[in-house]
Amino acid sequence: MKKYKIRLAGMGIEATGILPFEKEPTIEEVEDMTALYLNEKLLKVEHDENFYIDDRYMLTYEEINWTINNS
């Protein structure tokens, strides 16, 4: 299983969270899972007035590697 840290900023909010995927996700899969997590209130959402356009958003994501090296 792969886990991704996501950040959604825009439209007056900033949301962050961790999304799990069975395989490498497509952009559409990340967007769909983010929407689902937003609807289910599973993301940390904060009010953000600093984003300059109210009708757009920016979604970034990166894979999280949870492996601990014992060397």
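Our structure is the block above this text.
So, a few notes on the structure that sits alongside this text.

Rules of the game
- Residues numbered from 1 in each chain as written.
- Predicted model: local features only at pLDDT ≥ 70, side-chain atom pairs only at ≥ 80, totals over all residues.
- Heavy atoms only, no water.
- Helix = DSSP H or I, 4+ residues; strand = E, 2+ residues; numbered from the N terminus.
- Buried < 20%, exposed > 50% of the residue type's maximum accessible area, 1.4 Å probe, protein only.
- Contact = heavy atoms within 4.5 Å.
- Areas by Shrake-Rupley, 256 points an atom, 1.4 Å probe, with all protein chains shown as cover.
- Phe/Tyr/Trp six-rings, centres within 6.5 Å; stacked < 30°, edge-to-face > 60°.
- Expected span 1.5 Å × (residues − 1).
- Arc of directions from axis to C-beta.

**Brief notes about the overall build of the protein chain**
- Counting its regular elements, the protein chain contains one helix and four strands.
- When its helices and strands are written in sequence order, the protein chain yields β-β-α-β-β.
- Buried positions account for 25% of the 71 residues belonging to the protein chain.
- Contacts in the protein chain between residues at least 24 apart in sequence constitute 59% of all its contacts with a sequence separation of at least 6.
- For the protein chain, the accessible surface area stands at approximately 5600 Å², while carbon and sulfur atoms represent 50% of it.

**Remarks on the packing of aromatic side chains**
- Within the structure shown, the criterion is met by two aromatic pairs.
- Aromatic side chains Y4 and F21 sit 5.8 Å apart centroid to centroid with 75 degrees between the ring planes, which places their arrangement in the edge-to-face category. Taken together, the positions of Y4 in strand β1 (residues 2-10) and F21 in strand β2 (residues 13-21) put the pair 17 residues apart, joining distant regions of the chain. For the pair Y4 and F21, a shared accessibility class is recorded, and that class is buried.
- Feature note: the residues Y4, F21 and Y61 constitute an aromatic cluster, connected by ring pairs.

**Digging into helix α1 (residues 27-39)**
- End to end, α1 covers 18 Å across 13 residues, agreeing with the expected 18 Å (1.5 Å per residue, within 8%).
- Among all positions of α1, only V30, T34 and Y37 are buried. Relative to the axis of α1, the buried residues are bounded by an arc of 65 degrees and lie together on one face. Residues of α1 that are exposed and point more than 90 degrees away from the buried face comprise D32 and N39.
- Those residues of α1 hidden inside the fold are in contact with β1, β2 and β4 (57-64).
- Directly beyond the C-terminal end of α1, a positive phi value near 60 degrees is found at K41.

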